Amino acid sequence: MSTIKKHLPLIVSIIVSALFLLSAIAKSFPIWAFEKQLVDLGIVDWCVAPYLSRLIIAAEAAIAIAILQKHYIKTIVIPVTILLLISFC
């Protein structure tokens, strides 16, 4: 039982990282659908949509990698992750 408690933070971080990576991959193929969603929601126009969509996808992939790192997890990674999730809501 103690080994589960010992490895639980690592397991949770791997699962959360995999979810962010899956989300980035899902938005990438096809990317035009994500761009259209940004335009339909009125967030940006068609001139800016390709740049913003790729920026969001890159941010999700970077967060997926950063969650697995041990440095700056509490000071930078978790607040950025929470801000990104709030902005999606």
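Residues numbered from 1 in each chain as written. Predicted model: local features only at pLDDT ≥ 70, side-chain atom pairs only at ≥ 80, totals over all residues. Heavy atoms only, no water.

J.: Any chance you could explain the packing of aromatic side chains here in plain terms?
T.: Aromatic ring pairs are reported here in terms of the distance separating the ring centres and the angle at which the planes meet. Across all of its chains, the model carries zero aromatic pairs by this definition. The ring of Phe34 carries Lys27 above its face, with NZ or CZ at 5.7 Å from the centroid. (Phe/Tyr/Trp six-rings, centres within 6.5 Å; stacked < 30°, edge-to-face > 60°. Lys NZ or Arg CZ within 6 Å of the ring centre and 35° of its normal.)

J.: What am I meant to see in the side chain of Lys27 here?
T.: Inspection of the secondary structure puts Lys27 in helix α1 (residues 2-28). Setting aside chain neighbours within four positions, we find Lys27 in contact with Phe34, Ile57, Glu60 and Phe88. (Helix = DSSP H or I, 4+ residues; strand = E, 2+ residues; numbered from the N terminus. Contact = heavy atoms within 4.5 Å.)

J.: Please explain the packing of α1 against helix α3 (residues 49-67) as it appears in this structure.
T.: Any two packed helices are characterised by the angle at which their axes cross and by the distance between the axes. Interhelical geometry of α1 versus α3 gives an angle of 160° and a closest axis separation of 8 Å. The orientation of α1 with respect to α3, classified from their angle, is roughly antiparallel. Crossing geometry of α1 relative to α3 is assigned as left-handed. In this structure, α1 uses Ser13, Val16, Ser17, Phe20, Leu21, Ser23, Ala24, Lys27 and Ser28 to contact α3, whose residues at the interface are Ile57, Glu60, Ala61, Ile63, Ala64, Ile65 and Ile67. Here the residues of the contact of α1 with α3 sort into ten nonpolar, four polar and two charged. (Axes fitted to C-alpha atoms, helices over the stretch in contact; angles between N-to-C directions. Parallel < 35°, antiparallel > 145°, perpendicular 65-115°, else oblique. Left-handed = near helix turned anticlockwise from the far one by under 90°. Nonpolar A, V, L, I, M, F, W, Y, C, P; charged D, E, K, R; others polar.)

J.: Please clarify how unusual backbone geometry should be interpreted in this entry.
T.: Glycine aside, residues mostly have negative phi angles, and peptide bonds mostly take the trans form. In this structure, the amide linkage connecting Phe29 to the following residue, Pro30, adopts the cis form with an omega of -5°. Locating Pro30 in the fold gives a position in the loop between α1 and α2 (31-40).

J.: Help me understand the side chain of Thr81 in this model?
T.: Here Thr81 shows up in helix α4 (residues 73-88). On the basis of relative accessible area, Thr81 is assigned to the buried category, the value being 10%. Once residues within four sequence positions are removed from consideration, Thr81 is found in contact with Phe20, Ile63 and Ile67. (Buried < 20%, exposed > 50% of the residue type's maximum accessible area, 1.4 Å probe, protein only.)

J.: Can you help me understand α1 in this one?
T.: It helps to recall that an α-helix has 3.6 residues per turn; residues three or four apart then point in one direction. Taking 1.5 Å per residue as the helical rise, α1 with its 27 residues ought to reach 39 Å, and the 40 Å between its terminal C-alpha atoms agrees with that figure. Contacts from the buried residues of α1 go to α2, α3 and α4. (Expected span 1.5 Å × (residues − 1).)

J.: Would you mind showing me how to read the pattern of salt bridges here?
T.: Pairing is possible between side chains that carry opposite charge, provided their charged atoms lie close to one another. Scanning all chains against the criterion turns up three salt bridges. The salt bridge involving Glu60 is made with Lys27; its shortest N-O contact spans 2.9 Å. Linking Glu60 in helix α3 with Lys27 in helix α1, this pair joins segments that are 33 residues apart in sequence. Note on Glu60: relative accessible area 2%, which makes it buried. What makes Lys27 buried here is its relative accessible area of 17%. The residue Arg54 makes a salt bridge to Glu35 at a minimum N-O spacing of 2.7 Å. Taken together, the positions of Arg54 in helix α3 and Glu35 in helix α2 put the pair 19 residues apart, joining distant regions of the chain. A residue is classified by how much of its surface remains accessible, and Arg54, at 43% relative accessible area, is partly exposed. (Salt bridge = Lys/Arg side-chain N within 4 Å of Asp/Glu carboxyl O.)

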